[in-house]
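Summary of structural features
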Amino acid sequence: MEGSEDKIIPGENSSFSPSQKVIPGGQNATYGTSKVLPGEDAPLEKPGNNAPRPAPEASPTDIKQLIAMSTSKGGLQVIPPDFENKNGSWSSITSTNPFEILYLDYRQYKSITPEIVQNNHRIIAEFWADKLLIMNRGARDQIEKKYTAVVVTGAEKRLQAAFNKLKTTASLELTFQQVDEKRLTDGFAAIADLIDLSVQDGDITENKANVIITRGLKNGLESHEIERYIISVIQEKGFNPRAEKPDETRPFRNLWMTDVAWAAYQKRAIIRVEWLDEYASSLEELGDITFRKKEKSEYFLRDTNFLPPLVNKLTDSASRTAEFQRIIQEEKDAEKKYLKILYHLNPALPFRFRGEGFTEVDQLLEHACEKPESFWEAADFFSKDYLQIWLSESAPQVMMLAPEKRDAIGFLTFLYSVNRNYPFYLNNNKFLSPEDLARSMKTNQAMWVNVAQHMENGYLPVWFKAIGRSDINSRYNTHLESIIGSGLYDAKELKLAAAQTLILIIDSSVTVPTITADVKQITLPEVEGGSVVKSAVRLRIQNHAFVKATVKLDTQIEGITISESELTFNSYTHDSEREVVVTINSAQLIKDRPYSLNLLIQTSYGIVDIPIQIKVVFPKRAVTIKLAQYGAATALYFGLFRYLLSLLLNYDDWLVGYSYVTGNYPFLVFLLFAGFVSGGAYSYKLVKKLEKI
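Residues numbered from 1 in each chain as written. Predicted model: local features only at pLDDT ≥ 70, side-chain atom pairs only at ≥ 80, totals over all residues. Heavy atoms only, no water.

Things to note about the overall build of the protein
- Within the protein one finds 27 helices and 18 strands.
- Looking at the 693 residues of the protein, the share that counts as buried comes to 47%.
- Across the protein, the fraction of contacts at a sequence separation of at least 24, relative to all contacts at a separation of at least 6, is 67%. (Helix = DSSP H or I, 4+ residues; strand = E, 2+ residues; numbered from the N terminus. Buried < 20%, exposed > 50% of the residue type's maximum accessible area, 1.4 Å probe, protein only. Contact = heavy atoms within 4.5 Å.)

Overview of the pairing of strand β18 (residues 606–617)
- Strand direction decides the pairing type here: strand β11 (residues 522–528) and β18, joined by five bridges, are parallel. Its bridge partner lying in β18, T523 is registered against Q613.
- As judged from the ten bridges shared by strand β17 (residues 594–603) and β18, these two strands associate in the antiparallel manner. Looking at β18, one finds that Q602 is bridged to I607. (Pairing = 2+ DSSP bridges.)

A few points about the sheet that holds strand β13 (residues 546–553)
- Pairing within the open sheet is mixed, and its five strands lie in the order β11-β18-β17-β13-β15. The sheet is open, and its two edges are formed by β11 and β15 (566–570), each paired on a single side. Each strand axis lies, on average, 20° off the axis of its neighbour in the sheet, ignoring direction. (Axes fitted to C-alpha atoms, helices over the stretch in contact; angles between N-to-C directions.)

Looking at the packing of helix α6 (residues 169–201) against helix α8 (residues 223–236)
- Two numbers describe how α6 lies on α8: the axes approach to 10 Å, and their chain directions differ by 50°. Taken together, the axis directions place α6 and α8 in an arrangement best described as oblique. Classified by chirality, the crossing of α8 by α6 is right-handed. When α6 is examined against α8, the residues R183, L184, F188, I191, I195 and V199 are found in contact with a partner set consisting of E225, I226, Y229, I230, V233 and I234. (Parallel < 35°, antiparallel > 145°, perpendicular 65-115°, else oblique. Left-handed = near helix turned anticlockwise from the far one by under 90°.)

Here's the deal with the packing of aromatic side chains
- Within the structure shown, the criterion is met by 29 aromatic pairs.
- Judged by centre distance (5.1 Å) and plane angle (70°), the ring pair of W448 and Y572 falls under edge-to-face. Placement of the pair is W448 in helix α21 (residues 448–457) and Y572 in the loop between β15 and β16 (577–585), with a sequence separation of 124 residues.
- What makes W448 buried here is its relative accessible area of 0%.
- Ring geometry for Y489 against F546: centres 6.1 Å apart, planes inclined by 45°, an arrangement best described as tilted. Here the residue Y489 occupies a position in the loop between α23 (470–486) and α24 (491–506), and F546 occupies one in strand β13, the gap between them amounting to 57 residues. For the pair shown, Y489 and F546 are each scored as buried. (Phe/Tyr/Trp six-rings, centres within 6.5 Å; stacked < 30°, edge-to-face > 60°.)

Thoughts on α21
- A large share of α21 lies buried, amounting to nine of its ten residues.
- Within the sequence span of α21, burial applies to W448, V449, V451, A452, Q453, H454, M455, E456 and N457.
- Where α21 ends, the next residue or the one after it, G458, has phi of about 95°, a positive value.

Here we look at unusual backbone geometry
- Here the phi dihedral of T148 falls at roughly 75°; this positive angle occurs in a residue that is not glycine.
- Tracing the sequence through the fold places T148 in the loop between α4 (140–147) and α5 (149–166).

Digging into the pairing of β13
- A large share of β13 lies buried, amounting to six of its eight residues.
- Judged from the five bridges that link them, β13 and β15 form a sheet pairing that is antiparallel. Across the sheet, residue V547 finds its bridge partner in β15, namely F569.
- Bridging between β13 and β17 involves four bridges; their strand directions are antiparallel. Of the residues in β17, the one forming a bridge with T550 is Q602.

Focus on the sheet that holds β16
- A sheet is described by the order of its strands in space; here four strands give the open sequence β10-β12-β16-β14, paired in antiparallel fashion. What marks the edges here is a single partner per strand, and that holds for β10 (515–517) and β14 (560–562). Averaged over all neighbouring strand pairs, the angle between strand axes comes to 25°, with direction disregarded.

What to know about the side chain of T175
- Inspection of the secondary structure assignment puts T175 in helix α6.
- Overall, T175 belongs to the buried group, its relative accessible area being 4%.
- What T175 contacts, discounting residues up to four positions off in sequence, is P98, F99, K165 and L166.

Details of the nonpolar core
- Within the largest apolar cluster, 120 residues are counted, with the highest numbers of intra-cluster contacts made by L286, F414, L437 and L502.
- Excluding its chain neighbours within four sequence positions, the residues that come into contact with F414 are V361, L365, F382, L391, V398, L401, A402 and P403.
- Counting residues in each nonpolar core, the second largest holds 35 residues, with I101, Y106, A155 and F163 among its members. (Core = buried A, V, L, I, M, F, W, Y, C linked by side-chain atoms within 4.5 Å.)

Here we look at the packing of helix α16 (residues 372–383) against helix α19 (residues 408–418)
- Taken N-terminus to C-terminus, the directions of α16 and α19 make an angle of 110°; their axes are 9 Å apart at the nearest point. The pairing of α16 with α19 is recorded here as roughly perpendicular in orientation. Across the interface between the two elements, F375, A378, A379 and F382 of α16 pack against G410, F411, L412, F414 and L415 of α19.

A few points about α6
- In a regular helix each residue adds 1.5 Å, so 33 residues correspond to 48 Å; α6 covers 47 Å between its end C-alpha atoms and thus fits that length.
- Along α6, the sharpest kink reaches roughly 40°, centred on A192.
- Of the residues trailing α6, G202 is marked for its positive phi of about 85°. (Expected span 1.5 Å × (residues − 1). Bend = angle between axes of the 7 residues up to and from the residue.)

Digging into the confidence of the model for the protein
- Of the residues in the protein, 86% have a pLDDT of 70 or more, and the chain-wide mean is 83.
- In the model of the protein, helix α26 (residues 660–664) stands out as the element of lowest mean pLDDT, 58, in contrast to strand β6 (residues 351–353), which has the highest, 96.
- A low-confidence stretch, residues 1–51 stays under pLDDT 50, and its non-local contacts, those more than four residues away or across chains, total 203 contacts.
- The model gives residues 55–61 a pLDDT under 50, and that stretch makes 38 contacts with residues more than four places away or in other chains. (pLDDT = per-residue confidence, 0-100.)

A word on a nonpolar patch on the surface
- A cluster of nonpolar side chains, namely L640, Y643, L644 and L647, defines an oily patch on the protein surface of about 420 Å² accessible area.
- Checked against the element boundaries, L644 lands in helix α25 (residues 620–649).
- Of the residues examined, L644 reaches a relative accessible area of 44% and is grouped as partly exposed. (Patch = residues over 30% accessible without salt bridge, like charges linked within 9 Å, V, L, I, M, F, W, Y side chains within 5 Å. Areas by Shrake-Rupley, 256 points an atom, 1.4 Å probe, with all protein chains shown as cover. Salt bridge = Lys/Arg side-chain N within 4 Å of Asp/Glu carboxyl O.)

Some words on the pattern of salt bridges
- Tallying each qualifying case throughout the model produces 34 salt bridges.
- A salt bridge links K548 to E493; its shortest N-O distance comes to 2.7 Å. Remark: E493 occurs in helix α24 and K548 occurs in strand β13; sequence separation between them is 55 residues.
- Two residues, E579 and R538, come together in a salt bridge whose shortest N-O distance is 3.8 Å. Separated by 41 residues along the polypeptide, E579 in strand β16 and R538 in strand β12 (residues 532–541) bring together distant segments of the chain.
- By relative accessible area, which is 35% here, E579 ends up partly exposed.
- The exposure class assigned to R538 is partly exposed, which follows from its relative accessible area of 32%.
- By sharing partners, the salt bridges in this structure join R538, R540, E577 and E579 into a single network.

Here's the deal with the environment of I607
- Mapped onto the elements of the fold, I607 is located in strand β18.
- Judged by its relative accessible area of 52%, I607 is exposed.
- C-alpha separation for the pair I607 and T514, spaced 93 residues apart in sequence, amounts to 9.2 Å.
- Setting aside residues up to four positions removed in sequence, I607 forms contacts with L600, I601 and Q602.

This is how it looks when you write it as structure tokens:
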């Protein structure tokens with residue numbers, strides 16, 4: 001069965017429990033496998049300030065874990081989001097397991113009802129029927145590239161066959177027995193050759209058992225099943241535990257040997273070798289000494305002249321000696337060489353971390369999660385392979401959870417695979433849940449850029465996926481694509497918009513950013529021709545949010561303009577109100593023609609639509625005022641001229657019939673007439689200038 005793009009979610013044995021931990025060697029421990037996440041290596045250092053990209057999709061991992069989580073919740077309610085991904089968990093349709101074909105965890109068969117089977121069958125059948133329809137209507141290349149034609153065309157038949165095997169309670173139990181029997185048969189067959197080798201040697205050590213367990217886990221077995229099977233096989237071959245104080249939790253520390261091997265071991269036990277000024281009679285004791293004398297041991301581990309001969313003397317085994325020689329020769333890093341030798345000598349030794357020793361990985365990680373310094377130091381140890389070296393020897397079943405990549409995403413994937421309840425650290429801030437993160441973001445916008453960067457780098461998506469909140473990732477990517485597509489935001493603004501999107505997704509009580517206007521419409525039914533009218537619209541963001549808006553008219557009309565094309569609202573910086581001014585230059589509009597258009601304020605969350613009604617009319621009032629103005633000016637002009645004449649002639653009566661002046665003073669009359677005409681001409685020019693005619 002193919003993998004999905006989802007990140008790792010801890011698997012379950014028979015039921016899903018969010019609080020379950022993975023305890024090395026525990027009988028009820030559950031394990032899963034994970035692979036590296038796609039894309040560039042994510043650095044361990046704090047994120048930078050690049051513009052956000054959609055959160056990276058998870059890499060292929062064990063689909064059984066996703067199916068287990070879905071089954072524990074009562075089956076599917078809708079089709080899983082990753083079914084639309086090329087490497088999504090839709091590939092369960094190709095399984096030979098009828099339960100997995102219907103997206104059900106067969107290990108939880110006791111909680112699976114015929115109604116759940118029928119509901120899952122309906123939802124998945126509708127999905128594949130839709131894909132078949134799309135493929136047949138012309139999108140064949142696109143569908144084949146993602147799902148392949150064989151899968152799409154054969155899905156209905158496979159689903160029906162699986163449904164027929166699970167549709168009743170009796171058939172459910174029967175099919176479970178068949179599937180589980182096949183799993184056990186195939187798994188035990190895969191480890192048979194390794195058990196045979198141990199049988200031939202006459203003893204089985206914890207190191208040998210760990211190799212067998214690792215292969216068994218890869219072939220679908222649980223660790224406790226493997227342990228019981230190994231013990232049952234070797235007991236049939238005459239093996240018995242020889243330890244004086246048996247270890248109940250780690251049975252392969254109990255010196256399982258045949259009588260012949262035990263007799264040989266007892267003879268070897270009296271052999272003592274000197275190592276770092278102390279004596280040892282077993283590899284475990286060599287390890288104890290090496291653990292206590294780390295600095296001194298590093299000198300003796302620089303070449304193969306010292307430790308390998310002692311191993312050969314104690315074990316009388318060339319192959320065991322060669323294992324240590326190979327480590328010393330091939331590993332150039334002194335610390336990694338020390339750790340590989342140490343835990344190959346004695347896997348039960350504790351792991352040093354921040355001055356303390358830990359024998360269980362969950363205890364170490366719990367300690368690491370207490371403070372940001374220890375959290376990032378654990379991440380550093382992971383990146384350097386120190387943790388992996390320890391776990392590969394002491395707890396291979398836990399090591400199965402560690403992805404191949406050694407970056408921050410790899411560490412987080414491993415961390416939450418061990419225990420999904422561990423906190424998340426955003427730089428040095430600790431968060432226990434997505435809701436805890438959202439609450440902090442709502443009161444502190446300064447952290448938004450970092451949050452967006454952690455989404456882009458894939459750190460937060462790993463956490464969300466691990467705790468069963470993968471819907472946050474898919475919804476975030478969908479909304480972010482819409483925001484990016486709007487083209488509104490620069491790099492920094494895009495991070496703020498992305499962070500706000502995350503708040504809205506996590507906290508359903510937060511309402512989307514809403515912009516309101518102080519007017520519902522703009523109505524100007526009597527704009528007088530020749531005038532310029534301005535109408536202001538006050539816009540306000542109603543909730544605590546950040547949003548950017550475009551402002552435009554839905555119809556472009558010459559003579560009608562707006563003062564702003566983009567507006568930014570950010571209530572966190574007290575920038576909650578903005579004003580847009582609509583300007584109407586009636587001189588560019590046609591009189592008596594109604595104009596209807598809309599002022600649109602558009603954000604990523606919606607549109608504010610303000611209707612505008614405009615009509616330009618003949619300027620009656622303006623004409624009346626102008627006539628009155630210039631009539632008064634003309635009267636004043638004539639009155640002033642007559643007043644000047646009265647002063648010059650010393651005559652205040654009517655000028656009609658007064659010919660004395662015109663006959664005796666013709667030149668004076670000419671000058672007076674010229675002055676009157678020049679005054680009128682000058683007034684005309686002045687009026688043209690003032691009225692911009």
